[in-house]
Amino acid sequence: MRWDEDPEIIALGKKVFEGETYEDLFCAGCHGKDGAFLINGARDLRTSQSVSRNHDRLLKDWTDADWFKSVSLGVPPSPMMAWLDEYPPKAIWLAIAYAKQFHKKPENQKLPPPEELEPVHDLW
Ligand code: HEC
């Protein structure tokens, strides 16, 4: 079994993603508990067509390294912070394990493509 398909890892990842492990590391506060973004510009984690500002692949093709880069470095100065500056790598990996699940769900297979990215400086 892949590390990110292990139900125990995913359950721990849910706690990180939903801000239970670290109050201020609250991915769901912006990306939504179901991966549907709540704040303007936050990446839609439900659709396999989402893009990254840190590399050229679509979400469906993001490697573990791509995910780690995206969540560690974030997109300063947008609200997506460089989380690795403040939190341990383990927390980043757990959040990723959970974040990777949304676009695999059956109900998320026929979503329209995400909106075009806005300039980072318009996001605040
Ligand atoms: C304060 C709100 C906020 C929080 C908390 C937050 N994000 Fe984001 N996230 C955003 C916004 C806004 C963007 C889009 C930034 C942009 O492209 O300008 C984003 C982008 C991303 C991206 C795409 C980055 C890229 O490479 O372009 C990923 C993946 C992501 N978030 C995952 C997470 C995870 C996992 C967490 C928790 C560890 C998290 N986010 C916490 C707001 C947030």
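The preceding data block contains the structure.
Residues numbered from 1 in each chain as written. Predicted model: local features only at pLDDT ≥ 70, side-chain atom pairs only at ≥ 80, totals over all residues.

S.K.: So what about the overall build of the protein? Which residues, and what values?
M.R.: What the protein contains, in helices and strands, is 4 helices and 0 strands. Each helix and strand of the protein, placed in order from N terminus to C terminus, yields the pattern α-α-α-α. Principal-axis analysis of the C-alpha atoms places the extent of the protein at approximately 35 × 35 × 25 Å. Looking at the protein residue by residue over its 124 residues, the buried ones come to 25%. (Helix = DSSP H or I, 4+ residues; strand = E, 2+ residues; numbered from the N terminus. Buried ≥ 20, exposed ≤ 12 C-beta atoms within 10 Å, placed from the backbone.)

S.K.: Describe the nonpolar core, listing the residues and the values that go with them.
M.R.: Grouped together as the largest cluster of nonpolar side chains are 19 residues, with contacts concentrated most on V16, F17, L94, A95, I96, Y98 and A99. Counting only elements with at least two residues in this core, the list comes to α1 (7-17), α3 (64-73) and α4 (89-99). Here the element with the most residues in this core is α4; it accounts for 8 residues. Sequence-distant contacts of Y98, that is, excluding residues within four places in its chain, are made with I10, G13, K14, V16 and F17. (Core = buried A, V, L, I, M, F, W, Y, C linked by C-beta atoms within 7 Å. Contact = placed C-beta atoms within 7 Å.)

S.K.: Please provide a residue-by-residue account of the site of the ligand, values included.
M.R.: For the ligand, the set of nearby residues contains 26 residues, the closest of which are C27, C30, S52, S70 and M80. If you list the elements that add at least two residues to the shell around the ligand, you get α2 (27-31), α3 and α4. Looking at the shell around the ligand, the element that brings in the most residues is α2, giving 4 residues. (Near = placed C-beta within 6 Å.)

S.K.: Tell me about α1, and name the residues and values.
M.R.: Those residues of α1 lying buried are L12, G13, V16 and F17. Buried residues of α1, seen end-on, are gathered within an arc of 140° and therefore sit on one face of the element. Turned more than 90 degrees from where α1 packs its buried face, P7, E8 and A11 sit exposed. Buried residues along α1 sit in contact with α2 and α4. (Arc of directions from axis to C-beta.)

S.K.: Describe α3, and please don't skip the residues or the numbers.
M.R.: Taken as a whole, α3 has its buried residues at W67, S70 and V71. Each buried residue of α3 lies within a common arc of 85° when the element is viewed along its axis, so the set occupies one face. Summarising the contacts, the buried residues of α3 are in contact with α4.

S.K.: Outline the packing of α3 against α4, listing residues and values.
M.R.: In contact at an axis separation of 10 Å, α3 and α4 are set at 120° when each is read in the N-to-C sense. Taken together, the axis directions place α3 and α4 in an arrangement best described as oblique. Along this stretch, α3 crosses α4, giving a crossing that reads as right-handed. Along its contact with α3, which presents W67, F68, V71 and S72, the element α4 presents I92, A95 and I96. By residue class, the composition of the contact of α3 with α4 is 6 nonpolar, 1 polar and no charged. (Axes fitted to C-alpha atoms, helices over the stretch in contact; angles between N-to-C directions. Parallel < 35°, antiparallel > 145°, perpendicular 65-115°, else oblique. Left-handed = near helix turned anticlockwise from the far one by under 90°. Nonpolar A, V, L, I, M, F, W, Y, C, P; charged D, E, K, R; others polar.)

S.K.: Tell me about the environment of P76, and please be specific about residues and values.
M.R.: Secondary-structure assignment places P76 in the loop between α3 and α4. For P76, a count of 11 C-beta atoms within 10 Å puts it in the exposed group. With 44 residues separating them in the primary sequence, P76 and V120 have C-alpha atoms 7.9 Å apart. Once residues within four sequence positions are removed from consideration, P76 is found in contact with M81 and A82.

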